[in-house]
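Summary of the model geometry
The lines below spell out each chain.
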Amino acid sequence: MQLNWVSSAEGKLFAENIEAFTRDIVELGKFDTNEHRLALSALKETLATPRVRWLMGMEKQLVEKSNVYGKQVDAERYKAVMASAIKEEYEKALVVSALPLEQGLMVKDLAAQTDLPGHVVAAYLVELEHAERVHVKGYEGRDPLFIRQAA
């Protein structure tokens, strides 16, 4: 995935970006969407989160102009904040996307499906449960079984 800000007046820049991106994709070769279904679902959800959408929309303002305090944000610092936010939102979306609607999964099962450490999955589940995006369906022994909240 790639994101470039290009205004409607920058047709040449838009074309250059598309050509470069197309070359990159061709070099990568065939892409099996079924093999990457979970990651693609999480990516789609990530891009729709208010946090990521706000950060993407404010980059030009914050980096080239100023924030509400009249200070310009350092471009490298902004990129680091953006990368961190995208990573966190993607990982949360990955956890939600891996959860079924009916049969619950334990933290260890989610960790195995998402390749995230168990403690990270557990922390995200607490946050996601608070946001009412997941809930505990029951228990297997002392381990909670999580399911995705129906939309």
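This write-up is about the structure you can find in this document. (Residues numbered from 1 in each chain as written. Predicted model: local features only at pLDDT ≥ 70, side-chain atom pairs only at ≥ 80, totals over all residues. Heavy atoms only, no water.)

1. So, helix H6 (residues 118-130)
- Between the first and last C-alpha of H6 there are 18 Å, a value that for 13 residues agrees with the 18 Å anticipated at 1.5 Å per step.
- Buried residues in H6 make contact with helix H4 (75-98), helix H5 (107-114), strand E1 (134-140) and strand E2 (143-148).
- Immediately beyond the C-terminal end of H6, within one or two residues, lies glutamate 132, with a positive phi of roughly 60°. (Helix = DSSP H or I, 4+ residues; strand = E, 2+ residues; numbered from the N terminus. Expected span 1.5 Å × (residues − 1). Contact = heavy atoms within 4.5 Å.)

2. Brief notes about the nonpolar core
- Counting residues in hydrophobic clusters, the biggest one holds 18 residues, and the most contacted among them are Val95, Leu99, Leu110, Val121, Leu125, Leu128 and Val134.
- Within the residue set of this core, elements represented by two or more residues are H4, H5 and H6.
- Filtering out sequence-adjacent residues up to four positions away, valine 95 remains in contact with Leu110, Thr114, Leu116, Val121, Tyr124, Leu125 and Leu128. (Core = buried A, V, L, I, M, F, W, Y, C linked by side-chain atoms within 4.5 Å. Buried < 20%, exposed > 50% of the residue type's maximum accessible area, 1.4 Å probe, protein only.)

3. Some remarks on helix H1 (residues 11-28)
- Compared with the 26 Å implied by 1.5 Å per residue over 18 residues, the 26 Å span of H1 between its first and last C-alpha is a close match.
- Downstream of H1 by a residue or two, glycine 29 has a phi angle that is positive, lying close to 90°.

4. Some points on the pattern of salt bridges
- Summed over all chains, the structure comprises nine salt bridges.
- The partner of glutamate 45 in a salt bridge is arginine 133, with the nearest N and O atoms 1.9 Å apart. With glutamate 45 in helix H2 (residues 37-47) and arginine 133 in the loop between H6 and E1, the pair connects residues that are 88 residues apart, well separated along the chain.
- Between glutamate 91 and lysine 87 there is a salt bridge, with its nearest N and O atoms 2.9 Å apart. With glutamate 91 and lysine 87 both in helix H4, this residue pair falls four residues apart, about one helical turn.
- Salt bridges here are not isolated pairs; linked through shared partners, they connect Arg51, Glu88, Glu89, Lys92 and Glu127. (Salt bridge = Lys/Arg side-chain N within 4 Å of Asp/Glu carboxyl O.)

5. Quick notes on the environment of methionine 56
- Locating methionine 56 in the fold gives a position in helix H3 (residues 50-65).
- Sequence separation of methionine 56 and proline 100 is 44 residues, and the distance between their C-alpha atoms is 30 Å.

6. Side note on unusual backbone geometry
- We note that aspartate 115 has phi near 60°; this positive angle belongs to a residue other than glycine.
- One non-glycine residue, glutamate 132, lies in positive phi territory at about 60°.
- The residue glutamate 132 is located in the loop between H6 and E1 in this model.
- Here glutamate 132 falls in the exposed class, since its relative accessible area comes to 61%.

7. A word on the environment of glutamine 2
- Positionally, glutamine 2 belongs in the segment before H1.
- Looking at glutamine 2, the relative accessible area reads 42%, which means it is partly exposed.
- Between the C-alpha atoms of glutamine 2 and phenylalanine 21, which are 19 residues apart in sequence, the distance is 7.8 Å.
- When residues no more than four places from it in sequence are discounted, the contact partners of glutamine 2 are Asn17 and Phe21.

8. Let's talk about the packing of H2 against H4
- Here H2 crosses H4 at 125°, and the two axes come no closer than 8 Å. Here H2 lies oblique to H4, going by the angle between them. Both H2 and H4 take part in a crossing whose hand is right-handed. Contact with H2, carried on its side by Leu38, Ala39, Ser41, Ala42, Leu43, Glu45 and Thr46, involves Ile86, Glu89, Tyr90, Ala93, Leu94, Val96, Ser97 and Ala98 of H4 and no other residues of that element.
- A class-by-class count of the residues in the contact of H2 with H4 yields ten nonpolar, three polar and two charged. (Axes fitted to C-alpha atoms, helices over the stretch in contact; angles between N-to-C directions. Parallel < 35°, antiparallel > 145°, perpendicular 65-115°, else oblique. Left-handed = near helix turned anticlockwise from the far one by under 90°. Nonpolar A, V, L, I, M, F, W, Y, C, P; charged D, E, K, R; others polar.)

Keep in mind these numbers describe shape, not what the thing actually does.
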